[in-house]
Amino acid sequence: MINALASLGHWALNTLATSGRSLLLLLGMLAGLTSLLRRPRLVLLQIYSIGVLSILIVVVSGLFVGMVLGLQGYYVLSRFGAAESLGVMVAASLVRELGPVVSALLVAGRAGSALTAEIGLMKTTEQLSGLEMMAVDPVKRVLSPRLLGGFLSMPLLAALFSAIGVLGGYFVGVGLLGVDSGAFWSQMQAQIDFSNDLVNGVIKSLVFGFVVTWIALFEGYDAVPTATGISRATTRTVVNGSLAVLALDFVLTALMFGD
Amino acid sequence: MTAASARPPQPTMTPAPEASSVLVRVRGLCFSRDEQVIFDHLDLDIERGKVTAIMGPSGAGKTTLLKLIGGLLRPDAGRIEVDGQDIGTLSRRELFELRIRIGMLFQSGALLTDLNVFENIAYPLREHYRLPESVLRRLVLMKLEAVGLRGAAQLMPSSLSGGMARRVALARAVALDPMMIMYDEPFTGQDPISMGVLVSLIRQLNDASAMTSLLVSHDVRETLSIADQAYLIAQGRLICQGTPQEIARESSPWVRQFVDGLPDGPVHFHYPAPDLAASLLSEAHR
Ligand SMILES: Nc1ncnc2c1ncn2[C@@H]1O[C@H](COP(=O)(O)OP(=O)(O)OP(=O)(O)O)[C@@H](O)[C@H]1O
Ligand SMILES: [Mg+2]
């Protein structure tokens, strides 16, 4: 009993300390953003490695998710004789939910784990200490550009995911199942709202990109500098990053669409 | 041509208020790591313009001492002054200003693995000064020439041998022409020829640009041959200090064992452990 209490207290203290450290790191990274104005190359490099290199996985997943949406949507809608609304259904689910959420999950798995491993290894091999001794702040020079890169890449990836997904839905719905092409597009155009759907989707993906990159960078920076430490940190990035995305999605959805 | 003959523009050096002959002053330093006491009230002075050797058994805390002096670790108690400034009370900005004037060669090299050898050495110069590319190139190649690796400029750190990586790290440590360099085991993994070159290079760098050098090494003979002053630390305390001649004359069994490399004596080769036979027996019982 006492032991259970003690370990609960230990866990709570640890969690509190970890949150504090991650918050401090975040403040440090945000403070470093201004110095990036003079070094845009650092950010571009990160947009490349976080964003551009994730394009393939995002495109392929978007296509399949869109095709599945086309299939499932058609079966449900045609039962009510509303198969022409397939376009709206596919586009709305993608833009509002699946685009931001699934692409954030993919980025957490592909780019987030890579970021954690990279930073963790730089810590283990004393490269971060080496920078410190050269009077270069590793948080500003190494971590900040990655945070900004992730933040900027995410909405672009989500938009790409949604666009490809709509094409996938079109291919299945119109191409294979015979929904009217004109109805597919015109209903979508009429029903999808710019500020309600598109802007909210972009806000979601900005938040997800920020949180996923923050978690990945913190786990790498805070990793125990050993092989096991880095592998644990990488796992935590994917698990915590994905859970954070799903939980935040619920909160954001409730705030945006619930009234 | 030595690496020190061309210097990048120096930041305005603030001379220490009392330009004393002591550059690093360590007083009452205490430091421990997970229960293990590494330093217990250590006092130490590093004199300006001299080569000071720090020796001691593996695990004595030599690397830890360098990191404390560089401000990478914070002491539990006591103070460390570098050039008259108390490291513990400096703001982050002041600490960075001080570190521009301190070069450090890490035991592991700590080269940036994403950059090639040339860019690694150019890195601190690019970060702190705006130099035209041609000047930068000359500076970097000169540093590389001094450590005999000009031909390796385009290699990535992963394709360097351990000894080569350490020489590149040395070139990077002197890139900013600091007032003080801390070498953490620069001779490890060097063949006799490059060892000889490095030994005289360290001395030369020190004398040519009035630098202060802090040299941690296990190679007792080479180290004592260029040091002006040597400290022996063990078990968190200073065991012995003096010029190489004084150390050579020192008769305490501890110092003799260390300097002469004898397996038996007051220092134990083994990390504290229970009796070997007893441990093996208890393993067998399980
Ligand atoms: N990151 C760390 N966490 C916990 N203990 C550490 C850490 N780094 C070093 N130590 C401990 O601190 C002590 C001193 O380590 P240090 O690296 O300073 O020794 P050293 O004198 O440089 O040895 P060597 O000559 O082998 O390089 C060692 O006993 C080591 O166990
Ligand atoms: Mg060491």
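Residues numbered from 1 in each chain as written. Chains lettered and ligands numbered in written order. Predicted model: local features only at pLDDT ≥ 70, side-chain atom pairs only at ≥ 80, totals over all residues. Heavy atoms only, no water.

Asker: Provide a residue-level description of the overall build of chain B, including the pertinent values.
Answerer: For chain B, the count of helices and strands is ten helices and ten strands. Relative to a compact globule of 286 residues, whose C-alpha radius of gyration would be 19 Å, chain B shows 20 Å and is just as compact. When its C-alpha atoms are laid out on the principal axes, chain B stretches across 70 × 45 × 40 Å. Within the span of chain B, comprising 286 residues, buried residues form 51% of the whole. Relative to all contacts within chain B whose residues are 6 or more apart in sequence, the contacts with residues 24 or more apart total 64%. Carbon and sulfur atoms make up 54% of the accessible area of chain B, which amounts to about 13800 Å² in all. Across chain B, the 29 positively charged side chains and the 32 negatively charged ones have centroids separated by 6 Å. (Helix = DSSP H or I, 4+ residues; strand = E, 2+ residues; numbered from the N terminus. Rg over C-alpha atoms; globule rule 2.2 N^0.38 Å. Buried < 20%, exposed > 50% of the residue type's maximum accessible area, 1.4 Å probe, protein only. Contact = heavy atoms within 4.5 Å. Areas by Shrake-Rupley, 256 points an atom, 1.4 Å probe, with all protein chains shown as cover. Lys, Arg positive; Asp, Glu negative; His and termini not counted. Charge placed at Lys NZ, Arg CZ, Asp CG, Glu CD.)

Asker: Could you give me a rundown of the overall build of chain A, with the residues and numbers involved?
Answerer: For chain A, the helix and strand inventory stands at nine helices and zero strands. The order of α-helices and β-strands along chain A, N terminus first, is α-α-α-α-α-α-α-α-α. Across its three principal axes, chain A shows a C-alpha extent of roughly 65 × 55 × 35 Å. Residue burial in chain A is summarised as follows: out of 259 residues, 46% are buried. When contacts within chain A are restricted to residue pairs at least 6 apart in sequence, those whose partners lie at least 24 apart make up 85%.

Asker: Would you mind going over the packing of aromatic side chains in detail, with residue names and values included?
Answerer: Within this structure, the stated rule accounts for seven aromatic pairs over all chains. An aromatic cluster is defined as three or more aromatic residues linked by ring pairs; in this entry it consists of A:Phe151, A:Phe210 and A:Trp214. (Phe/Tyr/Trp six-rings, centres within 6.5 Å; stacked < 30°, edge-to-face > 60°.)

Asker: Let's hear about the sheet that holds strand β9 (residues 229-234) of chain B: which residues, and what values?
Answerer: All names here are of chain B. Across the sheet, which stays open at both edges, the six strands sit in the order β6-β7-β8-β3-β9-β10 with mixed pairing between neighbours. The open sheet has two edge strands, β6 (102-105) and β10 (237-242), and neither has a second partner. Neighbouring strand axes in the sheet, compared pairwise and without regard to direction, differ in orientation by 15° on average. Pairing of strand β3 (residues 51-55) with β9, which is carried by four bridges, proceeds in the parallel orientation. (Pairing = 2+ DSSP bridges. Axes fitted to C-alpha atoms, helices over the stretch in contact; angles between N-to-C directions.)

Asker: Which residues make up the coordination of the magnesium ion (ligand 2), and what values go with them?
Answerer: Residue and element names in this part refer to chain B. The magnesium ion (ligand 2) binds to the protein through Thr63 (OG1) and Gln107 (OE1), with metal-donor distances spanning 1.9 to 2.3 Å. Of the two residues, Thr63 sits in helix α1 (residues 62-69) while Gln107 sits in the loop between β6 and α3 (117-128), which places them 44 residues apart along the sequence. Judged by its relative accessible area of 34%, Gln107 falls in the partly exposed class. (Donors = N, O, S within 2.8 Å, 3.2 Å for Na, K, Ca; no water.)

Asker: So, the site of ligand 1: which residues are in play, and what are the values?
Answerer: Residue and element names in this part refer to chain B. Around ligand 1 sit 15 residues in total, of which Ser58, Lys62, Thr63, Thr64 and Gln107 are the nearest. Here Gly59 contributes a backbone N or O atom positioned 2.8 Å from an oxygen atom of ligand 1. For ligand 1, an oxygen atom lies 2.6 Å from a polar atom in the side chain of Thr63. Protein chains shield 68% of the accessible area of ligand 1, which is 630 Å² for the free molecule. Elements that contribute at least two residues to the shell around ligand 1 include exactly β2 (36-47) and α1. The biggest single contributor to the shell around ligand 1 is α1, with three residues. (Near = heavy atom within 4 Å. Polar contact = N/O pair within 3.5 Å; in protein donor to acceptor, adjacent residues only side chain to side chain.)

Asker: A description of the interface of chain B and chain A should follow, citing residues and the corresponding values.
Answerer: Of the residues lining the interface, 22 residues belong to chain B; the matching set on chain A comes to 16 residues. Buried surface at the junction of chain B and chain A, both sides included, amounts to about 1700 Å², of which 56% is carbon and sulfur. The largest contributions to the chain B side of the interface with chain A come from B:Phe96, B:Arg99 and B:Glu127, which together make up 25% of the buried area. Summed over the shared surface of chain B and chain A, the number is six salt bridges. (Buried area = accessible area lost by both parts, 1.4 Å probe. Salt bridge = Lys/Arg side-chain N within 4 Å of Asp/Glu carboxyl O.)

Asker: Residue-level account of the sheet that holds strand β5 (residues 85-86) of chain B, with values.
Answerer: Residue and element names in this part refer to chain B. Taken in spatial order, the four strands of this open sheet run β2-β1-β4-β5, and their pairing is antiparallel. Of all strands in the sheet, those with a lone pairing partner are β2 and β5, marking the two edges. Relative to β2, strand β1 (residues 22-33) is paired through eight bridges, and the arrangement is antiparallel. Bridging across to β2, Leu29 finds its partner in Leu42.

Asker: Before we move on, could you go through the nonpolar core and cite the residues and values that matter?
Answerer: With 50 residues, the main nonpolar core has A:Met29, A:Leu131, A:Leu143 and A:Leu217 as its most contacted residues. The set of elements that each furnish at least two residues to this core consists of α1 (2-32), α3 (55-79), α4 (86-124), α5 (127-133), α6 (138-176), α7 (181-191), α8 (194-221) and α9 (227-257) of chain A. The element contributing the most residues to this core is α4(A), with 15 residues. Ignoring anything within four residues of it in the chain, the contact list for A:Leu143 reads A:Leu25, A:Met29, A:Ile119, A:Pro138, A:Leu217 and A:Tyr221. Listed in part, the 45 residues of the second largest apolar core include B:Tyr129, B:Val168, B:Leu170 and B:Leu201. (Core = buried A, V, L, I, M, F, W, Y, C linked by side-chain atoms within 4.5 Å.)

Asker: Can you explain the packing of α3(B) against helix α5 (residues 162-173) of chain B? Please cite residues and give values.
Answerer: All names here are of chain B. Remark: α3 packs on α5, axes separated minimally by 8 Å, with the N-to-C direction vectors making an angle of 25°. In terms of axis orientation, α3 runs roughly parallel to α5. Where α3 crosses over α5, the two elements pack in a sense that is right-handed. Only Val168, Ala171 and Arg172 of α5 make contact with α3, whose side of the interface consists of Val117, Asn120, Ile121 and Pro124. Here the contact of α3 with α5 is composed, by residue class, of five nonpolar, one polar and one charged. (Parallel < 35°, antiparallel > 145°, perpendicular 65-115°, else oblique. Left-handed = near helix turned anticlockwise from the far one by under 90°. Nonpolar A, V, L, I, M, F, W, Y, C, P; charged D, E, K, R; others polar.)

Asker: Got a sec to walk through the packing of α8(A) against α9(A)? Specific residues and values, please.
Answerer: Residue and element names in this part refer to chain A. One can describe the packing of α8 onto α9 by two numbers: an axis separation of 9 Å at closest approach and a directional angle of 155°. The angle between the axes of α8 and α9 places the two elements in the roughly antiparallel class. When the axes of α8 and α9 are compared, the crossing they make is right-handed. Class assignment for the residues of the contact of α8 with α9 results in 14 nonpolar, six polar and five charged.

These figures come from the coordinates and say nothing about function on their own.
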